[in-house]
Every structure is written in structure tokens, then in C-alpha cells.
Amino acid sequence: MDKKLLNSNKLPFCAGCGHHLIAQNTQKALENLNIDPLDVILVSDIGCHGIIDKFSNSHTVHGLHGRSVALAAGISLGLKNKGKKVIVFIGDGGATIGMQHILEAARLDIDLTVIIHNNMLYGMTGGQASGFTPKGFITTTTPSESKTRNYDICQIALAAKASFVARVVAKPDFSNVIEEALKNEGFSLIETLELCPSYALKMNKGMKLQTILDNIGEKEFVVKNENYRWDFYTNSTDDLLEKIKKIEKKYESKIDKTLCVQLSGSAGEGVQTAGEAFSYGGIVAGLSVNQRGSYPVTVGVGFSTSEVILSPEDDCTYNVNSPDIIIITSVDGLTVNIEKLKTFKGKLYLDSSLETPQTEAEIKRYDFRKFGPKNSSVFSLFYLLKENDIYPIQSFIEGLELANLKDKVEVEKFKTELGI
Amino acid sequence: MKNSKKIFVNGSLLIVESLARSGADVFVGYPITPSNYLYLYSTKRLPLTFHAPDEITTLQWMCGLSASGKLPVTATSFPGFALMIESINMAYMMELPMVIVLAQRLGPSTGTATCGASGDLLLIKGMISGGYPVPTFAISDFKDCWELPQEAVKTALTLRTPVIVLTSKEITMTNRSFDIETLKDIKKIERKFYNSEETYIPYKPEENFVPQFLPLYSNKHQVRLTASTHDQKGILQHSTKEALENTARLQKKIVSNLKDFTFYEYIEDGNQNLIVTFDVSSNISKEAIRELRKENKKVSLLVAKTVVPVPEVYYEIISKYKKVYVVEENLNGQLCEILFGNKTPNNVIKINSIGKMISIDKIKEEVRKNG
């Protein structure tokens, strides 16, 4: 294969377009560094610059508008230590769309060389103004002149800790800057300023890039910062099932059809773990179990509900029409169920401190909070098991062990209190 | 009940373990409820994790990783998935294998994060500009959590395509008891990369319409990938015959290989009533059928697991029945619309619900009324 990057001297850009210079200088920099084109992945996206891939002897990836830096970052992460150079050609439009991708790649110092073809307007779509259009510049959508200032992408990249940043005016030879960028084993960004011959030069007669830089108070520069090294998040890859508790049936359950118990209380009072222990208890008693939680997105405050469905069938249902039993241990738990309770016809176990809600249920009260809020959920389930032949108390105690709860609640006190 | 070894886990754990054993090797994540457990377990199980700053980056990084020879996975929910769609189109056009787990929640928009739904099927059906199918599997129960992710990896690799695994909050966040001994063995799916002296042509199809894959690190052959209309060499074209043929091939490769990834469950009982369903409504339908049988009502069941594209066999099954009930947890019946279009045939009854799972009673009532 040809050792040069470009497979043709005739590139597809308009006469006088700076894109020629960028492609040629990239080729020269690679030649100077003796990098084989097949050790280069050239990532481009939408815009005139993106047509380059056809003319490149490197691997080429042509992606979505503005996303090339993220795409290239993925490639660079995937090819780590494989001795490849990933180069991104992107326009000022793409850099605006994908600015987050630039920041992220800079923050992580991902090994990439990004060359922004900044001609300060959208060339391919008709010369419209971009976020890189400087104040005073005439574009097709700012025909008198642009009234707003432009992004300083170099300062933005530096603020995101890019390890190499340069701004250059497109000129016959700036290959040394690209060479330096390629040598940097981290994130390099080169902003190359150009004037689009089809739009910018026609509408801004006699305009010089240097004049624009002077007007906006920017200048050409090259900065090399220290590289930031980090290790990939490599994981243990241990089988997840190995660590899971395997449960064998030890007790018999008395239920002969699906039973749904809903436990509602307050966040932080162990509702979910109590529901889990109750579920484990069911499994130890040979039942199949489905447990789902319901709580506000702010998990540490408000109500908390755990719904446990127990079934003698092998595949427990995910859902029932209505719970058979509802236990409520706190005001939060009552408030969230007010509507549901109006038509609820099952058994309702209510903490004795709570007001009687409007309901068709058969209500039983008990002081579930007697041993403190943290004990209320588990204690209410002891009460439930004493009142109903669901499965043996001993099965629940094993469930508490499986849920690592046994030593955290007052099992003996519960038993004494309930005369179990 | 027989004495077996049970585990008590949520569906996310099984999905991740299955993906890992099948050969998925990197997870790119951005958290969103109800997919967070998938992210969490992946960081303990897949060899590599990358933490993306948003869902567009997630998919772009995945494309880059895939192009480098990895098999990336992510998990998200609608708001994140919506951001991924343009990039999934890119992955589809570039023919990059990857798996995206979509844990559905109640929409529209941000909807309710912790409320289940089966509302994204039509979105997936139409997500590729031009109407091309992305192979999509819908998990209906914990057995599927184990078996379908493996098929997703296999399909992604064999067909060089992104694959969607559709699930929902009730699977990813619900704990269930499960007999661990019923889990089938999962073997790593070995990849084959292009390995010939002949010039590599990135989009030259084999007999099954799938081009061979070569990662970007090749020192021997040039690899070209492009999101725009392109010829077999991967060079951008306006609309040449070769390029349009290549584009049309994207549909052909999925549809013509559909039999290799057609998965469904069919339980036959009589020829009067058939429930057609997918996702979590499947389990509820089974429970309703169980109860209806006690009343001597015979009801058959078709659980669609391959949901895009639609396998022909679904129509063969459906055509045998006098009454068909399409049970799904969304407002208007998305599976129903995919199967029958906008005008539902007279013998088809839609059973839907939003914001809560479909009640068993509702299914029973409809079958009693119509069957």
C-alpha cells in the first residue's frame, strides 16, 4: 500500500479552501513521524471536511454530525495499546453540536488528535452562522453582520484539561503543530482557522484571518500540558450466581392459592428488607415468591411499600388484582394508600397510632412501633404470621437470617410480646 | 412443589450474567431508572466498564468500541433511548454489533421512572429512518432473562447489527424466586473476523447477506465504516445502484435470517381463544389462563419474544383461533398495531392498561364475555 495518507493530489474541496491545507499537513506530519496509514484511523463527520475519507489510505470512519469525537474516543478506548493513531476531522458546526464530547475526551485525556476545520460558518449547508462565527462576520444568515461573539474552543478545551491545545491559521506548512499533537499520547486539539471561499470570502471581501483574530483578541498558540493517566475500570468477572444464596425448602406452607401481602411504611424503617426477609421465608417454606418495591424517586424520604406475592405454583404471578392483606406501620404508609383502601376488601393491619381510614376492609390494630421504627416492619410481619397460617414462624426467622436482618431486630422480644 | 435449589434475585442480575457468559465484554453506562441494576451488576461482571456523560456519548463510544472488535452493551430507558436513536441508526448503517437493553417505564416523556410499561415497541419498530427492522427480543419472564440476552449477543454478532433487548421495570427491579437448576448452560459465542489475503471489502455480503467483520486494528487491510449511503467499499455515494443495493441489503439480511432468531412460546388449548402477549403481561396472562381453566374455559397462549421483525409463524398461529386477545401494558395496543395495522379485525380484542399491570380479572372478564 501507498505509504502516504492521501491517495490523490486532487482533493474534493473548493479552490482556495483551507481543508486542502489541513489534509496535506496531516499527511506530512504522519510522513515525518513515519506512521503507516494503516496505523491511523481517520474519523470524520458531516461537513465538507468529511468527504476526505474517500481520499485516505488509512482506516476511515465517517459518522454523524458532531459525534466524531465521541466515536473516535470509543475507538481509541477500544484500541488502547495497539499502537494506533486516531485522528478526528471535524468542522466548527460539528464541534458546536459535539462540544460535550470534546470536553469529555479532554477531561479523560483520551488519546486522540482532533483537528477542527473552523471556517466560522456552516459551509456545506449554505454559509449560515455558527457558534464559532465571530462578531462582525457576515454570513448568509447574518447578512448585515454577526452581532454575537464566538466560542473560544481552545480555552474551553484547556478548561476541560486537554493535554495539548493549539490554534493555527491555515497556512502552507503547519505540519510541525500536527506532529506535536500526534506525539502527545493524550487528547490533542488543534483549531485551524480558515475562510470559506464560497461564502466567507465572497461576503467579507478582503477579510484576513489575522485581522479577525486581532479583532476578537485571540492569537495563534501551542500549549502542552501534563498528561492525565488513569486505569480502565476492569472488573472481577466473577460469576454473579456464585455469590447468590441458594435456598432449599425446609418447611411446609399452608396456603393453597396465591396470596399477596402488601407492607407499607416509611422510608428508612426497613420496609424493603423486611419484605425481602418475608420473601425468603416463603421460599424456605417451599413457595414461589415475587417481591416488588414501590417508593418515591427520592428513596430516603416518604413512603415505602413492599408487595410480596406468594404462590404454591412453580411460577408465581407478577401481579394480582388486589392484595389480600395490607399492613400499614406509619403515617406515610397510610397516606399513600388512602385511595386504594376505600375499595379494599381484604384484611388491614394498622398501627394503633393511625387514624381509621375509609375502607371496606376488616381492620385489626396493633402497636407495631412498640419496639421502635426500625423494628416496626419486621414486627408487623411476626404479627401477620401469628394471625394467619401462611408459613411457619421458624421459616420467617430463617428468612431474616438470609436477608442479614436477624441480628438487627429484636426477634426474642417479638416472640415474647406475641406469645409465640 | 419439588425440592429444588432456589435463588431470589431480580431479572437484571440474570440478564447481565447471561450477557457476560455469552461474550459481551464491555458495558458503557449512563444511569436511568429502571435500568440501574443492569449498570450496577455489569460493573461487577463484564470485563470493562466505561462511564459515559450522556446517552449520545454512550452509543457513540459503543460504536467505537464495537468497531475495535469489542461487543459492547448498554442499558437504558426511554428518555435515554430517545437520545441514542440517531446513533443506533449509525450503528445499523455501519453494521456494528452491540446489545442495547431497554427497560421500559411509563411515558410519555420522563413519565414515571418507577412505574412499569410496555410502551416502546412501536418506537423501536419505526426507529430506523426508512423503516428497517432492528432485531428486538422482548423478555417475558425470568427464563427469558437468562436465554434471550444470549440470543441477542449471538444475533448481533452473526448479523453484524445492533440488537435491542426489551424489558421493563417489573423484570429489572422485581425480585423473584427462581430454580437455579433450570438455567441452561451458556457458552461464549466465539467471533470470527475476516482472515484472508484478499483485499477486504467491508460491505461485501456473504451468502446470508452479512458482510464479514474486521476490527479497525488490522495492519493488513483497510477498514472503512460509514453512516452515510455507501458502496461495498464503504465509500460515500449519492444513490448509485450499488449503494442503494447495499442499503436495501440491511433489511434483507435481517428478514432473510429471521428464522435463526425467532423465539416465542405457544401453549395450545382448544381453538376458540388465543391470548397474544409480550413482556410482563405474559406472566399475568398465564395466571389468568390458569384460573380460567378452573372454570373449564380453554385458552391458548402465544408469547411473542421476537417482536421485531414479526415472524410469519405468529400469523399462522393466530389464524387458527376464533377469538384473539392481545394483552399488553400500554394505552392502545402496540403489538396489536404491529400485527394487524390500525384497524383491528372484528375477532381481535385489545386488553390494555397504563400505570399498572393488567389485572388478571380484566383478562378473565374479556375471555368470559367474548369466548
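Residues numbered from 1 in each chain as written. Chains lettered and ligands numbered in written order. Predicted model: local features only at pLDDT ≥ 70, side-chain atom pairs only at ≥ 80, totals over all residues.

It is worth spelling out the interface of chain A and chain B at this point. At the interface, 61 residues of chain A touch 67 residues of chain B. Listing elements by their share of the side of chain A that touches chain B, those giving two or more residues are β2 (59-62), α2 (68-78), α4 (99-107), β10 (233-234), α9 (271-284) and β12 (288-294) of chain A. Take the side of chain A that touches chain B: its biggest share by element is eight residues, from α2(A). Classifying every residue of the side of chain A that touches chain B gives 25 nonpolar, 22 polar and 14 charged. As paired strands, β2(A) and strand β9 (residues 224-226) of chain B are joined by three bridges and run parallel to one another. Looking across to β9(B), one finds that A:His62 is bridged to B:Thr226. (Contact = placed C-beta atoms within 7 Å. Helix = DSSP H or I, 4+ residues; strand = E, 2+ residues; numbered from the N terminus. Nonpolar A, V, L, I, M, F, W, Y, C, P; charged D, E, K, R; others polar. Pairing = 2+ DSSP bridges.)

Turning to unusual backbone geometry, a few remarks are in order. Here the bond from B:Gly107 into B:Pro108 is cis, since omega is -5 degrees, no more than 30 degrees from zero. Counting through the fold element by element, B:Pro108 comes out in the loop between β5 (98-104) and α5 (121-125). Here A:Thr237, not a glycine, exhibits a phi torsion of approximately 60 degrees, which is positive. You can see A:Thr237 is positioned in the loop between β10 and β11 (259-266). One non-glycine residue, B:Arg160, lies in positive phi territory at about 50 degrees. Assignment of secondary structure puts B:Arg160 in the loop between α6 (142-159) and β7 (162-168).

With that out of the way, let us pick up the UniProt feature "domain: Thiamine pyrophosphate enzyme TPP-binding" (unreviewed entry) in chain A. When the UniProt feature table is mapped onto this chain numbering, "domain: Thiamine pyrophosphate enzyme TPP-binding" (unreviewed entry) sits at residues 45-191 of chain A. Within the segment residues 45-191 of chain A, helix and strand shares are 29% and 22% respectively, and the terminal C-alpha atoms sit 16 Å apart. (UniProt positions renumbered as here; feature names shortened; annotations may be inferred.)

Moving on: the sheet that holds strand β7 (residues 164-169) of chain A. On the basis of which strands lie adjacent, the open sheet formed by eight strands has the order β9(A)-β7(A)-β8(A)-β4(A)-β3(A)-β1(A)-β2(A)-β9(B) and mixed pairing. Two strands bound the open sheet, and with one partner strand each, they are β9 (221-224) of chain A together with β9 of chain B. With strand direction ignored, the average angle separating the axes of adjacent strands in the sheet is 15 degrees. In this structure, strand β4 (residues 112-118) of chain A lies alongside strand β8 (residues 187-193) of chain A, joined through seven bridges in parallel fashion. Paired with A:Thr113 across the bridge in β8(A) is A:Ser188. (Axes fitted to C-alpha atoms, helices over the stretch in contact; angles between N-to-C directions.)

Glancing now at the nonpolar core. Ranked by internal contacts, the top residues of the largest apolar core, which has 235 residues, are A:Val43, A:Ile75, A:Val88, B:Val99 and B:Val165. With residues near it in sequence (within four places) discarded, B:Val99 still touches B:Leu19, B:Ala24, B:Val73, B:Ala152, B:Val153, B:Ala156, B:Val163 and B:Val165. (Core = buried A, V, L, I, M, F, W, Y, C linked by C-beta atoms within 7 Å. Buried ≥ 20, exposed ≤ 12 C-beta atoms within 10 Å, placed from the backbone.)

Further remarks concern helix α11 (residues 373-387) of chain A. All names here are of chain A. With 15 residues, α11 should reach 21 Å at 1.5 Å per residue; the first-to-last C-alpha distance of 21 Å fits that figure. In terms of burial, α11 is a largely internal element, 11 of the 15 residues being buried. Within the span of α11, buried status applies to Asn 375, Ser 376, Ser 377, Val 378, Phe 379, Ser 380, Leu 381, Phe 382, Tyr 383, Leu 384 and Leu 385. (Expected span 1.5 Å × (residues − 1).)

This part takes up the environment of B:Thr114. Tracing the chain through its elements places B:Thr114 in the loop between β5 and α5. For B:Thr114, a count of 17 C-beta atoms within 10 Å puts it in the partly exposed group. In this structure B:Thr114 touches A:Ser294, A:Val297, B:Thr33, B:Pro34 and B:Lys169, once residues within four positions along its chain are discounted.

Looking now at the sheet that holds β12(A). Within the open sheet, the eight strands sit side by side as β16(A)-β15(A)-β14(A)-β11(A)-β13(A)-β12(A)-β8(B)-β1(B). Their pairing is mixed. Where the open sheet ends on each side, the last strands, each with one partner, are β16 (362-366) of chain A together with β1 (6-10) of chain B. Taken over all neighbouring pairs, the strand axes of this sheet differ in orientation by 20 degrees on average, direction set aside. Here β12(A) runs beside strand β13 (residues 303-311) of chain A; their pairing, made up of seven bridges, is antiparallel. Bridging across to β13(A), A:Ser288 finds its partner in A:Ser311.

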